[in-house]
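Architecture and fold: a report
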Amino acid sequence: MRSSLVRSRRMGSVVEAVGQTPLLRLRSVGREAPSVEIYVKLEFANPGGSVKDRAALRMMTKAIEAGSLGDDKTLIDSTSGNTGVAYSLFGAALGVKVALVMPSNVSKARKDIARAFGTEVIFSDPMEGSDGAIRKVREIVEASPERYYYPDQYSNPHNPLAHYHGTAAEILDAVGDRITHFVAGIGTSGTIMGTSRRLREHHRPIRCVAVEPTEALHGLEGLKHLPSSLVPPIHSEAGYDETFRVTTEDGWDMSDRLAREEALHVGHSTGANVFAALEIAKKLHREQGGGCVVAIACDRGDRYFAPMKWEKKYLW
Ligand SMILES: Cc1ncc(COP(=O)(O)O)c(C=O)c1O
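These notes cover the structure that comes with them. (Residues numbered from 1 in each chain as written. Predicted model: local features only at pLDDT ≥ 70, side-chain atom pairs only at ≥ 80, totals over all residues. Heavy atoms only, no water.)

Section: helix H2 (residues 82-94)
Under the 1.5 Å per step criterion, the end-to-end length of H2 is 18 Å for 13 residues, consistent within 8% with the ideal 18 Å. Counting buried positions along H2 yields 10 of 13 residues, so the element is predominantly enclosed. The complete set of buried residues in H2 reads Asn82, Thr83, Gly84, Val85, Ala86, Tyr87, Ser88, Leu89, Phe90 and Gly91. Tucked into the core, H2 has its buried residues touching helix H1 (52-66), strand E3 (74-77), strand E4 (97-103) and helix H3 (108-116). Positive phi shows up at glycine 95, right after H2, with a value of about 70°. (Helix = DSSP H or I, 4+ residues; strand = E, 2+ residues; numbered from the N terminus. Expected span 1.5 Å × (residues − 1). Buried < 20%, exposed > 50% of the residue type's maximum accessible area, 1.4 Å probe, protein only. Contact = heavy atoms within 4.5 Å.)

Examining the packing of helix H7 (residues 248-262) against helix H8 (residues 268-287)
In a packed pair of helices, the relevant descriptors are the angle between the two axes and the axis-to-axis distance. Contact geometry for H7 and H8: axes closest at 7 Å, N-to-C directions at 90°. If you check the angle between H7 and H8, you find them roughly perpendicular. Along the contact surface, H7 presents Asp250, Gly251, Trp252, Met254, Ser255, Arg257 and Leu258, while H8 presents His268, Thr270, Gly271, Ala272, Val274, Phe275 and Leu278. (Axes fitted to C-alpha atoms, helices over the stretch in contact; angles between N-to-C directions. Parallel < 35°, antiparallel > 145°, perpendicular 65-115°, else oblique.)

A short note on the side chain of glutamate 43
Within the element layout of this structure, glutamate 43 appears in the loop between strand E2 (36-42) and H1. Its relative accessible area of 0% is what places glutamate 43 among the buried residues. Side-chain polar atoms of glutamate 43 contact the side chain of arginine 54, separated by 2.6 Å. Discounting residues that sit within four places of it in the chain, glutamate 43 has contacts with Thr21, Gly49, Ser50, Val51, Arg54, Ile296, Ala297 and Cys298. (Polar contact = N/O pair within 3.5 Å; in protein donor to acceptor, adjacent residues only side chain to side chain.)

Regarding the sheet that holds E4
Within the open sheet, the four strands sit side by side as E5-E4-E3-E6. Their pairing is parallel. Pairing within the sheet leaves two strands with one partner each, and these edge strands are strand E5 (120-124) and strand E6 (148-149). One ladder, built from five bridges, connects E4 with E5; its direction is parallel. Bridge pairing in E5 links proline 103 to serine 124. The sheet strands contacting helix H4 (residues 129-143) are E3, E4, E5 and E6, and the helix crosses E4 at an angle near 140°. (Pairing = 2+ DSSP bridges.)

A word on the nonpolar core
In terms of nonpolar packing, the biggest core is built from 32 residues, with Leu26, Val40, Val183, Leu258, Leu264 and Val293 touching the most fellow members. For this core, the secondary structure elements donating two or more residues are E2, strand E8 (207-213), strand E9 (242-246), H7, H8 and strand E10 (291-297). At nine residues, the largest contribution of residues to this core is made by H8. Beyond its immediate chain neighbours, meaning those up to four positions away, valine 183 contacts Val209, Val211, Asn273, Ala276, Ala277, Ile280, Val293, Val294, Ala295 and Ile296. (Core = buried A, V, L, I, M, F, W, Y, C linked by side-chain atoms within 4.5 Å.)

Regarding the site of the ligand
Neighbouring the ligand are 16 residues; Lys52, Gly187, Thr188, Thr191 and Ser269 lie closest to it. Glycine 187 has a polar backbone atom sitting 2.7 Å from an oxygen atom of the ligand. With respect to the ligand, the side chain of threonine 191 contributes an N or O atom lying 2.5 Å from an oxygen atom. Across the complex, the protein chains shield 93% of the 380 Å² of accessible surface that the ligand would expose by itself. A class-by-class count of the residues in the shell around the ligand yields four nonpolar, nine polar and three charged. (Near = heavy atom within 4 Å. Areas by Shrake-Rupley, 256 points an atom, 1.4 Å probe, with all protein chains shown as cover. Nonpolar A, V, L, I, M, F, W, Y, C, P; charged D, E, K, R; others polar.)

Quick word on the environment of isoleucine 38
Residue position: isoleucine 38 is located in strand E2. Using a relative accessible area of 1% as the deciding quantity, one classes isoleucine 38 as buried. Placed 257 residues apart in sequence, isoleucine 38 and alanine 295 show a C-alpha to C-alpha distance of 7.8 Å. The residues touching isoleucine 38, leaving out its near neighbours within four places in the chain, are Leu24, Arg25, Leu26, Gly30, Ala277, Leu278, Ala281 and Val293.

What to know about H3
Arg110, Lys111 and Ala114 are the residues of H3 that are buried. For H3, the arc enclosing every buried residue in end-on projection is 100°, short of the 170-degree limit, so these residues lie on one face. Exposed side of H3, more than 90 degrees from the buried face: Lys108 and Ala116 are the residues found there. Next to the buried residues of H3 lie H2, E4 and E5. The positive-phi residue at the C-terminal boundary of H3 is glycine 118, with phi of around 90°. (Arc of directions from axis to C-beta.)

Focus: the sheet that holds E8
What holds strands together in a sheet is hydrogen bonding between their backbones, with the strands either parallel or antiparallel. Here we have six strands laid out as an open sheet, ordered E1-E2-E10-E7-E8-E9, and mixed in their pairing. Where the open sheet ends on each side, the last strands, each with one partner, are strand E1 (23-25) and E9. Adjacent strand axes in the sheet meet at a mean angle of 25° when their direction is disregarded. Two strands pair when backbone bridges link them, and E1 and E2 are joined in this way by three bridges, in the antiparallel orientation. Each bridged residue has a counterpart across the sheet, and for leucine 24 the counterpart in E2 is valine 40. Running at roughly 165° to strand E7 (residues 181-185), helix H6 (residues 190-199) makes contact with E7, E8 and E10 of the sheet.

Below, the structure written as structure tokens:
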């Protein structure tokens, strides 16, 4: 085993630390499909701790370049999750003011992370959930459009493009000659749409699989159950090859397994992605005797230690 404590990337800004995330082979979980290589792309190694850093950074830098986000404007959006952390972090790094609207009942930890970077936190009605937060952002922006820049990650093309130019290019660089399958969950769908688009341009066929929760009411935070949700404008089913549905229980159980067997303490959307990747790998092992599956590890498990109300039954 190779180990080095002197691997340093010198950089002038935290912004440069986004991307070039490790691709890790799952040796223990992968024993169930011994002829297949299973890898996870460790997106939690980004400075904001999640796969959303790439999208948030690209949306922000492109808006700054286009002149729609300057000193006179505040970036505003309605997320208390990973995108909110990323906006807050890069807001501090780039000198951009950030405001996030979130239902007042989100956990204290989530409010505190945003505020730590200097982000203004605006509360929406807790009874109206995330839809209420979206409505409130729209009202605020409509009332003073000159003051705000609203990136709208669900329809912003720079969200998938961050993965087209980043995530996918890095995967091809690492295993482009071998990869047969790619697996990512659908939140805004930026990761699956952008990465799949680039992987499909590769000279060898790569099957791209989107992971969705089986149930409308689920505990796989970050993932969307599309049949019961507003479909993001950047999403198109034609953008990938297959949908794989995962139950909350299977996603959570795989998160536990990853911590114990692979020393990867990851969130539940990663558990769902790896559950799907392993099922695909087992089928490949049975039917084809080989393959190479790459799944996205979206964020770390410790982000869920301070649960939101509906996550309360989950205690580590
Ligand atoms: C934990 C987690 N997993 C997965 C996703 C899905 O990523 P995307 O929005 O690119 O579809 C998100 C998005 O917010 C997330 O926070």
